[in-house]
Amino acid sequence: MSKERKQAVPAFIDLAAQHEQLGDSVERAISAVLKHGQFILGPEVAELERQLASFCGARHCITCANGTDALLLALMAEGIGKGDAVFVPAFTFVATVEVAVLAGATPVFVDVRQDSFNLDVESLEAAIGEAKRRGLKPRCVIPVDLYGQPADYKAIGEVAEAHGLLVVADAAQSFGASRDGQKVGTLAPYTATSFYPSKPLGGYGDGGAVFTDDDDRAGRLRALRNHGKAPDQPDTEHVGMKSRLDSIQAAILLEKLRLFPREIAARQERAERYAEGLGSVVKVPELMAGATSVWAQYTIITERRDELAKACREAGVPTAIHYANALNSLPPYRQVLAAPAGLRQAEWLAERVISLPMHPYLSDEAQDLIIGTVRRALTSRKAGVAHAAE
Ligand SMILES: Cc1ncc(COP(=O)(O)O)c(C=O)c1O
């Protein structure tokens, strides 16, 4: 990336700068796939699965076509469906609830916490009670590691165990992070992640993976992603789906994985710099005790979101809103059962969150421009609304 581009307009996520770091290694890796021609489940896929499992310490990694399928495959591998309640946070990307419906189960919304943006355990317990009263069988909870920070799997695991629930971690945004010294991929019986291009570890197209330590589960997932045909069986044994990672994407991800540890460290450094520059004027994200984040998004909370977005736009600073709606307000999910005390935090956050540019190649200069713009916008008027003047 040229110096001029850095100074002019900070990118929200700068894949071009990353590509420059990779040199021509990606082109060479793609070219190798073109030469051997095993485009589906080729050697790069097996190698990537081996390296990803080793990266996070999980026994098995099963790649697939995208993060949404990764979640669905986990539900299918457990036969979750009609009459089963699947608990999902109301503040997340739509895929988390979508898969419960696609599996034929009944989703139930759970509220989130304002401090971590992640699932609220008390709300989960109340939602389980509500589902039982409605004659549903509580089967599964899908905690989401929003913006890159793992949910509280210890507390969630205790509730899940008490009620016989399976935990499927939605780690689409958090691969590379950890909680209490354990890496994402090993925090739940199933962990689903995404390699969508803008994710911390992203390909040049769609991709996803499921992690598990259980040999039987891994075997079922390998069959389900390939029309229900296990690799060692001559033909289909179960109804499956077609959800495989292309060899070309695997080859690209193998190259990107080499940069990933350095990129995670750079993201953390950028997050600390934001907290230092903005912590006195706006609510910056917090890490929970024992958690690390890969900062898929750097998301702040403000009562003056529209004003801030406008000031950023005028200064050439891109922003995004993840997410402008709690899922219970989206048309297909308005009738979904919710925790009895409601989804107040999810709705509150949806009105106040705004994400700033975050990527490992954000220069000091670009970040100073962003910090200066946000500080000016939030301290310009309305003294006392939030924080001290600059
Ligand atoms: C929390 C969450 N879950 C699931 C997904 C789905 O991943 P994919 O887009 O790879 O299907 C995403 C992707 O944005 C996500 O952010």
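Residues numbered from 1 in each chain as written. Predicted model: local features only at pLDDT ≥ 70, side-chain atom pairs only at ≥ 80, totals over all residues. Heavy atoms only, no water.

A. Representation of the packing of aromatic side chains within the structure. One pass over the structure, following the stated rule, counts nine aromatic pairs. Ring geometry for Phe93 and Tyr323: centres 6.4 Å apart, planes at 40°, overall tilted. Here the residue Phe93 occupies a position in the loop between strand 2 (84-89) and helix 6 (95-102), and Tyr323 occupies one in the loop between helix 11 (305-315) and strand 11 (337-338), the gap between them amounting to 230 residues. Given the relative accessible area of 46%, Phe93 is considered partly exposed. You can call Tyr323 buried: its relative accessible area is 14%. Consider the rings of Trp295 and Tyr298, whose centres lie 5.6 Å apart with planes at 35°: the pair is tilted. Taken together, the ring pairs in this structure connect Phe55, Phe175, Phe211 and Phe260 into an aromatic cluster. We note Lys183 situated over the ring of Phe55; from NZ or CZ to the ring centre the distance is 4.9 Å. (Phe/Tyr/Trp six-rings, centres within 6.5 Å; stacked < 30°, edge-to-face > 60°. Helix = DSSP H or I, 4+ residues; strand = E, 2+ residues; numbered from the N terminus. Buried < 20%, exposed > 50% of the residue type's maximum accessible area, 1.4 Å probe, protein only. Lys NZ or Arg CZ within 6 Å of the ring centre and 35° of its normal.)

B. Spotlight on the nonpolar core. Of all hydrophobic cores here, the largest spans 48 residues; its most connected members are Leu52, Phe87 and Leu124. At the level of elements, helix 4 (43-56), strand 2, strand 3 (106-110), helix 7 (121-133), helix 8 (153-163), strand 5 (166-170), strand 9 (208-212) and helix 10 (247-278) are the ones that each hand at least two residues to this core. Residues contacting Leu52, with those up to four places away along its chain left out, are Cys61, Phe175, Phe195, Leu201, Phe211 and Leu257. Within the second largest apolar cluster, 47 residues are counted, among which are Ile80, Val144, Val168 and Val210. (Core = buried A, V, L, I, M, F, W, Y, C linked by side-chain atoms within 4.5 Å. Contact = heavy atoms within 4.5 Å.)

C. The arrangement of unusual backbone geometry in detail. His322 connects to Tyr323 through a cis peptide bond whose omega is 15°. Not every positive phi belongs to a glycine, and His227 is a case in point at roughly 60°. Here His227 lies in the loop between helix 9 (215-224) and helix 10.

D. Seen up close, the pattern of salt bridges. This structure, assessed with the given rule, holds 21 salt bridges. Across the salt bridge formed by Lys283 and Glu286, the nearest N and O atoms sit 3.2 Å from each other. Here Glu307 and Arg304 are joined by a salt bridge, their closest N and O atoms 2.7 Å apart. Among the residues examined, Glu307 registers a relative accessible area of 24% and is labelled partly exposed. For Arg304, a relative accessible area of 5% corresponds to the buried category. (Salt bridge = Lys/Arg side-chain N within 4 Å of Asp/Glu carboxyl O.)

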